Amino acid sequence: MAQPVLYLAPHPHNFQNAKVLVALEYGRSKLGAVEIRGPAAGDTLSQLATSRLPALETDSRLCLQGARAVAHYLAPGRMRGSSTKDSASIQQWVNLADSEIIQPACTWTFPELGLMKHNSTAAERAQLDLKRILRVLDAHLKLRTYLVGEGVTLADIAVSCSLLLPYKHVFEPHFREPYVNVNRWFLTCMNQPEFVRALGEVTLCERIVPVAGQQQNAVPTSEGTLTPAPEQPPVRKTPAQLKKEAMKKEKMEKFLQKQNKLKEQQERQPEKKAKAEKKDLGVITYDIATPPGEKKDVSCPMPDSYSPRYVEAAWYPWWEKQGFFKPEYTHSISEPNPKGMFMICIPPPNVTGSLHLGHALTNAIQDSLTRWHRMRGETTLWNPGCDHAGIATQVVVEKRLWRQSRQTRHDLGRQNFIQEVWKWKNEKGDRIYHQLRKLGSSLDWDRACFTMDPKLSRAVEEAFIQLHDEGVIYRSTRLVNWSCTLNSAISDIEVDKKELPGRTLLPVPSYKDKVEFGVLVSFAYRIDGSDEEVVVATTRVETMLGDTAVAVHPQDSRYQNLKGKFVIHPFCDRKMAIVFDEFVDMSFGTGAVKITPAHDQNDYEVGLRHNLEFVNIMDNNGCLINVPEPFLGMKRFDARKAVLDALVQRGLFREVKDNPMVVPVCSRSKDIVEPLLKPQWYVRCDEMAKMAADAVRNGDLKIIPENHLKTWFNWMDNIR
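Each chain carries its own residue numbering, running from 1 in the written order of its sequence. Thresholds applied to this predicted model are a pLDDT of at least 70 for local features of residues and 80 or more for the giving and counting of side-chain atom pairs; totals over whole chains, interfaces and linings are not thresholded and use all residues. Just so you know, side-chain values use all the structure's heavy atoms and leave hydrogens and water out.

### Here's the deal with the overall build of the protein
And step 1. Tallying secondary structure elements over the protein gives 22 helices and 24 strands in all.
And step 2. Looking at the 720 residues of the protein, the share that counts as buried comes to 40%.
And step 3. Taking contacts inside the protein between residues at least 6 apart in sequence as the whole, the part at least 24 apart equals 69%.
And step 4. Here the accessible surface of atoms and residues is derived via Shrake-Rupley with a 1.4 Å probe, and residues count as covered only by protein chains that are part of the display. About 43200 Å² of surface is accessible on the protein, with carbon and sulfur atoms providing 54% of the total. Counting from the N terminus, the helices are DSSP H or I runs at least four residues long and the strands are E runs at least two residues long. Three labels apply to residues, based on accessible area from a 1.4 Å probe with only protein chains included: buried if under 20% of the type maximum, exposed if over 50%, partly exposed otherwise in between. Whether two residues are in contact is decided by their heavy atoms, any of which lying within 4.5 Å being enough.

Encoded structure:
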C-alpha cells in the first residue's frame, strides 16, 4: 500500500500549512510515516490547484483538499470532540479562525513581512477586528485551559495557528498586555511537544521590525495565502481624457491657491478672546430668616435667574395666618353675600398614598376656579380632606403590626385594631396635606376632614338610614368577589384579570407551594340507574363538591335521551338533575357543564332559573365546609389535589389539558378571588339610571363629545 503524501502550499507564511503540520504531529501514531512535499515545482499533483493546498493523498489514493479536511483526517478522534456538543463547539471555533481571524491577521502582518503594500486604513481596521476577537477569546478562557474540553483539540490548533504570525511579528507587549488569558493559552499551546516539532520554538514579538524586501501588489485570502494581482498593460489615453485631466489639475491649483489665501488672512487676524464659561448658579434658595406666618421680605434684590424654590419660599404660612383662604375673609358667613357663594370639596385622596401628576393637574384646576371666585368677591370655600381607604389602610397597618409584634388584627380585636389605624393615620397621614401646601393650594385647613371623623360618620349613618327607609339601599345575598386573605368582599375594580396562556404555577398567599392554574380537568358523572355517564370539564375541580346539577343545551342531540334523568355525586349523598339551558356552549368540551350555583356567576344564574339548591362549600378563610370527609376543613387548593386523586381512584378521571383562561386576582392582597354567596348591601340604581338617561335624551344634560352618547346609554339602560 502506498505511503500517504502531504502537499503543502507554496507560500512560506501560510497559516494553513501550520495547522495541518501540527495536526500531523498529533496523528503520527495512527498514520505512521507520511511523506511531506514542499512548494518546489512539480511536487504537486496535476489535479491539485494551488488555492486548494495543503492537500493529502491517502494510502488508499483518496485525495483530500483544503486545510480543514486534511487536519480533520490527520488528527486523532479525541481532538474532534468527545461528544456531539464538544464537536459542535470545535467546529464553531474552527469557523471563527477561518472566517474572522485569518483575514485581519494577514492584512496586518504581511505588510510588515514585505509581502504586501502598506495600507494604513486597512491595517487599523484589521487591528480593531483582532482586538474584538481577542476580547472574546480572553473572556472565554478566563476559567479554561483550552478552548473546548481539558486537552488540545482542533479548535486550539486552528485558532492558535491563525494567531501565530501576529504573535511573532506584530503583537507587541503593550498590545497583548490586556489579554492575559489569551497569552497564557497561546503559550501553553506553542509549548506542547507536537507544536514545537511542527513549528519550532516560537518567540513573541517585542517590537515590530519591517522586513526589507520587494513589496508585492497582492491581496490576502481567507486561506492565509497571497493572491498576486494581475499585471495590467499601460492604457493609452484619448485626447478627451487628457483634456479632462488638465482641467482637473487647473481646478485643483486654484483651490489650493484659495486655501493658502484664507490661511494668510486668518494668520493676520487677531486672536478672538475665548468666551467666558457660564457659571453654574446651582439651586437658588431664599435664605433670609422669616418666622412662619410673617410676610416675606421682598426688598432684597431678585436673583438673576428664575428659581421656584426662591419665589415660593415663605409665602404659604403668611397666606394661612392672614386667613386669605377662609370664606369669612371678605364677608361674614352669618349674612348672605349679594355677590354669591362658591364652595367645593376636594375629592379626598387615599390617606395611604401620595399625590402624583394627575392630582397636581386636577388640584391646579380646582385652585384656579376657587381663586377666580374669591377674586370676584364671592364667599368661597375649598374644603380639604382625606379618605380612610378602608382596605388599603387595613393592609398597610396589618403589615406593620405583624412586622412589629407578630400579631394579626384578630389577635388585637376590633377596637384595639381601630386604635392602631388611628395611630398610623396620625403618624403618616399628613404627607398628602404637606404636598397640597407645596402646590400652593388655597384650602381652608381649619376645616380639613377625615372620612372617619365623628361628624362625617354621623352624616354617613344618617344618609344610610334615610336611603334604606326609602328602599334605595337594600340587603341581598348574592355572589361577591371574596378575598380569603383580607376576609372581605372587594369591588370589581379591585380585581385584576390575569391572562394565562395555559398551565401556569402562581403564588397564592398562605400556600407554601405554587398552585396550578390554566388546566381543564375532565371527569365523569354516572347516570342514576344505568351504566351511562356524562363527562364534564372544569378549571376548578375542587368546586365539584358543591355541584347540584349538570347542564346541556336543549338542541344538543347527544343528550336528548337524558331528559328527566339524574346523575349521582360520587362523594356527596345527593342526586343531581340534568337541566337543559341555552347558556351552554355545545362546542366547548363535551357540551355538558357542571353547575355550582354558589361558586360561579353563570352557574348562579342557571340555579335561579331552574330553582337549584345553592350549596356553599367554603368559609371566609377558603377552607371547605358542608362537604364529606376527608375534604372537610381542607384549604381550597389543597382540596383541589385531593379531589383529583379521589376521582382517579374511583375511575372517574378522564383527562387534563392546557386551557387558556383568565384568573381573578385581588389587586391588594394578590390572593385568588373566590366567588362566594354573601349578604351585602346594594343600591337600587334602575330609577336613578333612567333619570340620568332621560336627562340626556331631553337635552337637560349634554355629553361632550357626542360620540360618547352610545357608551352613556349602554351603561344607563343596562344597569343592574
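### Points about the layout of surface pockets
And step 1. A 1.4 Å probe that fits but cannot get out identifies a cavity on a 1 Å grid over protein atoms alone, an open set with protein on both sides within 12 Å along at least five of seven lines counts as a pocket, and a residue lines either if it has an atom within 4 Å of a point. Grid points are joined across faces, edges and corners, and a volume is the space filled by probe spheres set on the points. Of the voids in this model, the second largest pocket is the one considered here, and its volume is about 730 Å³.
And step 2. Along the wall of the second largest pocket there are 17 residues; nearest its centre are G390, Q394, R414, F417 and I418.
And step 3. For the lining of the second largest pocket, the element with the highest residue contribution is helix α16 (residues 414–428), accounting for 4 residues.
And step 4. In this classification, the charged set is Asp, Glu, Lys and Arg, the nonpolar set is Ala, Val, Leu, Ile, Met, Phe, Trp, Tyr, Cys and Pro, and all remaining amino acids, among them Gly, are polar. The residue inventory of the lining of the second largest pocket, partitioned by class, reads 6 nonpolar, 9 polar and 2 charged.

### What about helix α5 (residues 154–162)?
And step 1. Counting buried positions over the 9 residues of α5 gives 9, a clear majority of the element.
And step 2. Every buried residue belonging to α5 is among L154, A155, D156, I157, A158, V159, S160, C161 and S162, and all of these are buried.

### Concerning the nonpolar core
And step 1. Ranked by size, the top nonpolar core spans 54 residues in total, and within it L137, L147, I157, V159, L163, F171 and W185 carry the most contacts.
And step 2. Elements that contribute at least two residues to this core include exactly α1 (15–31), α2 (67–74), α3 (84–112), α4 (120–140), α5, α6 (164–169) and α8 (180–190).
And step 3. Each residue touching L147, except ones within four places of it in the same chain, is listed here: W93, L137, H140, L141, A155, D156, V159 and W185.
And step 4. Membership of the second largest hydrophobic core comes to 39 residues, among which are F523, F571, I617 and L652. In these notes, a set of buried Ala, Val, Leu, Ile, Met, Phe, Trp, Tyr and Cys residues joined through side-chain atoms within 4.5 Å is what counts as a nonpolar core.

### Quick word on the sheet that holds strand β24 (residues 674–683)
And step 1. A sheet is described by the order of its strands in space; here 3 strands give the open sequence β12-β11-β24, paired in antiparallel fashion. Edge positions in the sheet fall to β12 (488–490) and β24, since each of these pairs with one other strand and no more. For this sheet, the mean angle separating the axes of adjacent strands, direction not counted, is 60°.
And step 2. Here, strands pair whenever DSSP counts at least two bridges between them. Pairing analysis gives 3 bridges linking strand β11 (residues 473–483) to β12, with the strands arranged antiparallel. Within β12, the position partnered with S483 by the bridge is S488. Axis geometry follows a simple rule: fit a line to the C-alpha atoms, using only the stretch in contact for helices, then measure angles between N-to-C directions, giving values from 0 to 180 degrees.

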